[in-house]
Amino acid sequence: MGNTSSMLTQYDIEEVQEHCNHAFSQQEIVSLYHRFCQLDRNSSGFITGDEFLSVPEFAVNPLSQRLLRMLDGLNFKEFVAFLSAFSPRISLQQKIEFLFKVYDFNSNGKVTFDDILSVLRDLTGSFISEQQRQEVITRVLEEAGYRRDSSLVLSDFMRVRMYYCFQYLYYKLSFRSLFTD
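Residues numbered from 1 in each chain as written. Predicted model: local features only at pLDDT ≥ 70, side-chain atom pairs only at ≥ 80, totals over all residues. Heavy atoms only, no water.

*Asks:* Provide a residue-level description of the overall build of the chain, including the pertinent values.
*Replies:* The helix and strand inventory of the chain stands at 12 helices and zero strands. Written out in order from the N terminus, the α and β elements of the chain read α-α-α-α-α-α-α-α-α-α-α-α. Taken over 181 residues, the chain has a buried fraction of 44%. Considering only contacts in the chain between residues 6 or more positions apart, those separated by 24 or more positions represent 63%. Roughly 9,500 Å² of accessible area belongs to the chain as shown, and the carbon and sulfur atoms make up 50% of that amount. (Helix = DSSP H or I, 4+ residues; strand = E, 2+ residues; numbered from the N terminus. Buried < 20%, exposed > 50% of the residue type's maximum accessible area, 1.4 Å probe, protein only. Contact = heavy atoms within 4.5 Å. Areas by Shrake-Rupley, 256 points an atom, 1.4 Å probe, with all protein chains shown as cover.)

This is the structure in structure tokens:
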């Protein structure tokens, strides 16, 4: 699996399937492998941020720069694990954990008011004012029993149900084009 010019063995397919908690069938993993090889233009066995940006849907995604920090330098196994967050076969818990990583920009295991504000800013652009964004986030945090200066760990993030308020984020992260040749 290290070099993209090699073919996947049955063992490789099963290993990747196990790694992504069976989010994809064996046939889907083979399709993803072919797509990975297309994206890996220099056949290094890894996909760079620039190669990911060649996917039109990814390039125009308002969160593409935020996601690139999660994507740059992925090998095939990591590529499939990343995409598994969008599979209907994974649990809500796993999807929330993925969203938490998107919000946790500095990867310190905590989501702050500023992290949430940054995501909301990316998603809304100029459609709402900075003051409106701050008011929405403050209200959501306060209703859940948190203050603006709170740092949320994953369990707090889940309790706040931030994913309901910003479910739009999940739907903006569409990678359907990766499944087609």
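Don't stop here, the text continues.
*Asks:* Hey, could you go over the pattern of salt bridges for me, with residue numbers and the actual values?
*Replies:* All chains considered together, the criterion is met by six salt bridges. Residue E28 is joined to R89 by a salt bridge in which the shortest nitrogen-to-oxygen separation is 2.6 Å. A residue pair is termed long-range when its members are at least 10 positions apart, and E28 in helix α2 (residues 26-39) and R89 in the loop between α6 (76-83) and α7 (92-103) qualify at 61 residues. A relative accessible area of 28% places E28 in the partly exposed class. The exposure class of R89 is partly exposed, given its relative accessible area of 48%. Two residues, E130 and R121, come together in a salt bridge whose shortest N-O distance is 2.5 Å. (Salt bridge = Lys/Arg side-chain N within 4 Å of Asp/Glu carboxyl O.)

*Asks:* Now, about helix α5 (residues 64-71): what can you tell me, with residues and values included?
*Replies:* Since the α-helix turns once every 3.6 residues, residues separated by three or four places project in the same direction. Counting buried residues in α5 gives six out of eight residues, a clear majority hidden from the surface. What α5 keeps buried is the set S64, R66, L67, L68, M70 and L71. Of the residues trailing α5, G73 is marked for its positive phi of about 85 degrees.

*Asks:* How would you summarise the packing of α2 against α6 if you had to cite specific residues and measurements?
*Replies:* Each packed pair of helices is defined by two parameters, the angle between the axes and the distance between the axes. At a minimum axis distance of 10 Å, the contact between α2 and α6 shows a crossing angle of 115 degrees. The crossing of α2 and α6 is right-handed. Only F76, F79, V80 and L83 of α6 make contact with α2, whose side of the interface consists of I29, L32, Y33, F36 and L39. Grouping the constituent residues of the contact of α2 with α6 by class yields nine nonpolar, no polar and no charged. (Axes fitted to C-alpha atoms, helices over the stretch in contact; angles between N-to-C directions. Left-handed = near helix turned anticlockwise from the far one by under 90°. Nonpolar A, V, L, I, M, F, W, Y, C, P; charged D, E, K, R; others polar.)

*Asks:* So what about the packing of aromatic side chains? Which residues, and what values?
*Replies:* According to the stated counting rule, one finds 11 aromatic pairs in the structure shown. With 5.9 Å between their ring centres and 45 degrees between their planes, F52 and F79 make a pair best called tilted. In this pair, F52 sits in helix α3 (residues 49-52) while F79 sits in helix α6, placing the two residues 27 residues apart along the sequence. Taking relative accessible area as the criterion, F52 reaches 0% and is therefore assigned buried. A connected cluster of aromatic rings, assembled from ring pairs, spans Y33, F36, F52, F58, F76 and F79. (Phe/Tyr/Trp six-rings, centres within 6.5 Å; stacked < 30°, edge-to-face > 60°.)

*Asks:* Can you tell me about the side chain of E51, naming the residues and giving the values?
*Replies:* Mapped onto the elements of the fold, E51 is located in helix α3. Buried within the structure, E51 lacks any salt-bridge partner; R41 is the closest side chain of opposite charge, at an N-O distance of 4.4 Å. (Lys, Arg positive; Asp, Glu negative; His and termini not counted.)

*Asks:* So what's going on with the nonpolar core? Which residues, and what values?
*Replies:* Of all hydrophobic cores here, the largest spans 49 residues; its most connected members are L67, F76, F79 and F82. Taken together, the elements giving at least two residues each to this core come down to α1 (10-19), α2, α5, α6, α7, α8 (113-124), α9 (130-143) and α10 (154-160). (Core = buried A, V, L, I, M, F, W, Y, C linked by side-chain atoms within 4.5 Å.)

*Asks:* Help me get a handle on α9, residues and values and all.
*Replies:* Between the first and last C-alpha of α9 there are 20 Å, a value that for 14 residues agrees with the 20 Å anticipated at 1.5 Å per step. The complete set of buried residues in α9 reads R133, I137, T138, V140 and L141. Viewed end-on, α9 has its buried residues packed into an arc of 165 degrees, placing them on one side of the element. Turned more than 90 degrees from where α9 packs its buried face, Q131, E142 and E143 sit exposed. (Expected span 1.5 Å × (residues − 1). Arc of directions from axis to C-beta.)

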